[in-house]
Amino acid sequence: MIVGHNFDSEAGFERSFNRGGENFNGSTWRNLLTFLKQVEISPEWCFFTNAFVGLQPGNRAMGPFAGKQNPEFVYWCQNFLLEQIKIMQPRLILSLGAHVPSFLAPLSFELRQVWSGVKRLSTLDEQEAAVIYPSTFEGMLRPTAVVALTHPSYRIVNVKNRRYKELTGDEAEQALVKDALTRRL
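A brief look at the structure comes next. Just so it is clear, the model here is predicted, and its values are computed rather than measured.

### A short note on the overall build of the protein
Part 1 of the reasoning: The helix and strand tally for the protein stands at eight helices and seven strands.
Part 2 of the reasoning: Compactness check: the protein gives a C-alpha radius of gyration of 16 Å against a globular reference of 16 Å for 185 residues, within 12% of the reference.
Part 3 of the reasoning: When its C-alpha atoms are laid out on the principal axes, the protein stretches across 45 × 35 × 30 Å.
Part 4 of the reasoning: For the protein, buried positions account for 46% of its 185 residues.
Part 5 of the reasoning: Summarising the internal contacts of the protein: among those between residues at least 6 apart in sequence, 64% fall at separations of at least 24.
Part 6 of the reasoning: By element, 55% of the accessible surface of the protein is carried by carbon and sulfur atoms, the whole surface being about 10,000 Å².
Part 7 of the reasoning: Measuring between centres, the 20 positive side-chain charges of the protein sit 2 Å from its 18 negative side-chain charges.

This is how it looks when you write it as structure tokens:
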């Protein structure tokens, strides 16, 4: 399961609608698909979803989601994501970007211990907590591994800041996922 922050902006969705589908040549999809290939995960094996349901107002998809200020909406989105997790029973959850870890944290005892309130991936790297296994979620039949990754749209700029064990940058993020895959088998 791959969990992004939000789908798009209103204007971006309109462009996708008029085009007849998403732009797989844009930075998010292009960089995500390249990364999945590097870690030997086929996109066909993945369920793609988002933390927040809905669109960002206007023309900008990035930044904190507008509905984040409404606790009832956040709670509803978290429960909707938890329902998706229960149905899909993922063996691995990849969290994309700095906004998603704190959103996921309340849904799992193990994540709550280290991901609550986290605003930067560097904080998880410093705490050696960018990959959490086992992670349990209500309704899951088995534990899953959860990994916090750089958002693909910012990957080229931000991945160089990642740290895992003695590795840095892209090698660190690839190792996070490969270790998670090994742990959850």
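### Description of the nonpolar core
Part 1 of the reasoning: Counting 50 residues, the largest nonpolar core has I41, L92, L94, W115, F137, V147 and V177 as its most contacted members.
Part 2 of the reasoning: With sequence-adjacent residues up to four places away left out, L92 is seen in contact with M1, I41, T144, A145, V147, V177, A180 and L181.

### Some remarks on the pairing of strand β5 (residues 144-149)
Part 1 of the reasoning: Taken across its six residues, β5 has six buried, putting it largely inside the fold.
Part 2 of the reasoning: Along β5, one buried face is formed by T144, V146 and A148 and the opposite face, lined by A145, V147 and L149, is buried too.
Part 3 of the reasoning: Two strands pair when backbone bridges link them, and strand β3 (residues 92-96) and β5 are joined in this way by five bridges, in the parallel orientation. Across the sheet, I93 pairs through a bridge with V146, a residue of β5.
Part 4 of the reasoning: With three bridges connecting them, strand β4 (residues 131-135) and β5 associate as antiparallel partners. Paired with S135 across the strands is T144, a residue of β5.

### Notes on a nonpolar patch on the surface
Part 1 of the reasoning: Residues F7, F13, F17 and L55 make up a contiguous nonpolar surface patch of about 390 Å² in total accessible area.
Part 2 of the reasoning: For F7, the location among the structural elements is in the loop between β1 (2-4) and α1 (10-19).

### So, the layout of surface pockets
Part 1 of the reasoning: Estimated volume of the largest pocket: approximately 1,300 Å³.
Part 2 of the reasoning: Lining the largest pocket are 45 residues; nearest its centre among them are N6, T28, M62, H151 and S153.
Part 3 of the reasoning: At the level of secondary structure, the elements contributing two or more residues to the lining of the largest pocket comprise β1, α1, α2 (27-38), β2 (48-50) and α6 (121-126).
Part 4 of the reasoning: The residue makeup of the lining of the second largest pocket, split by class, is 11 nonpolar, no polar and three charged.

### Some words on the sheet that holds β4
Part 1 of the reasoning: An order of β2-β1-β3-β5-β4 is seen for the five strands of this open sheet, with the pairing classed as mixed. The outermost strands of the open sheet, each flanked by one partner alone, are β2 and β4. This sheet shows a mean twist of 20° between the axes of neighbouring strands, independent of strand direction.
Part 2 of the reasoning: Helix-sheet contacts for helix α8 (residues 169-183) involve β3, β4 and β5, and the interaxial angle to β5 is about 175°.

### Some words on the packing of aromatic side chains
Part 1 of the reasoning: Tallying each qualifying case throughout the model produces seven aromatic pairs.
Part 2 of the reasoning: Ring centres 6.3 Å apart and planes at 65° place the aromatic pair F7 and F13 in the edge-to-face group.
Part 3 of the reasoning: A relative accessible area of 37% means that F13 is categorised as partly exposed.
Part 4 of the reasoning: Between F52 and F73, the aromatic rings sit 6.2 Å apart at their centres with planes inclined by 15°, giving stacked as the arrangement. Residue F52 is found in the loop between β2 and α3 (71-88), and its partner F73 is found in helix α3; the two are separated by 21 residues along the sequence.
Part 5 of the reasoning: For F73, a relative accessible area of 24% gives the class partly exposed.
Part 6 of the reasoning: Connected via pairs of aromatic rings, a cluster forms that spans F7, F13 and F17.

Here is what the cut-offs are and how they apply
- Residues numbered from 1 in each chain as written.
- Predicted model: local features only at pLDDT ≥ 70, side-chain atom pairs only at ≥ 80, totals over all residues.
- Heavy atoms only, no water.
- Helix = DSSP H or I, 4+ residues; strand = E, 2+ residues; numbered from the N terminus.
- Rg over C-alpha atoms; globule rule 2.2 N^0.38 Å.
- Buried < 20%, exposed > 50% of the residue type's maximum accessible area, 1.4 Å probe, protein only.
- Contact = heavy atoms within 4.5 Å.
- Areas by Shrake-Rupley, 256 points an atom, 1.4 Å probe, with all protein chains shown as cover.
- Lys, Arg positive; Asp, Glu negative; His and termini not counted.
- Charge placed at Lys NZ, Arg CZ, Asp CG, Glu CD.
- Core = buried A, V, L, I, M, F, W, Y, C linked by side-chain atoms within 4.5 Å.
- Pairing = 2+ DSSP bridges.
- Patch = residues over 30% accessible without salt bridge, like charges linked within 9 Å, V, L, I, M, F, W, Y side chains within 5 Å.
- Salt bridge = Lys/Arg side-chain N within 4 Å of Asp/Glu carboxyl O.
- 1 Å grid on protein atoms, 1.4 Å probe; cavity = no way out; pocket = protein on both sides within 12 Å on 5 of 7 lines; lining within 4 Å.
- Points joined across faces, edges and corners; volume = space filled by probe spheres on them.
- Nonpolar A, V, L, I, M, F, W, Y, C, P; charged D, E, K, R; others polar.
- Axes fitted to C-alpha atoms, helices over the stretch in contact; angles between N-to-C directions.
- Phe/Tyr/Trp six-rings, centres within 6.5 Å; stacked < 30°, edge-to-face > 60°.

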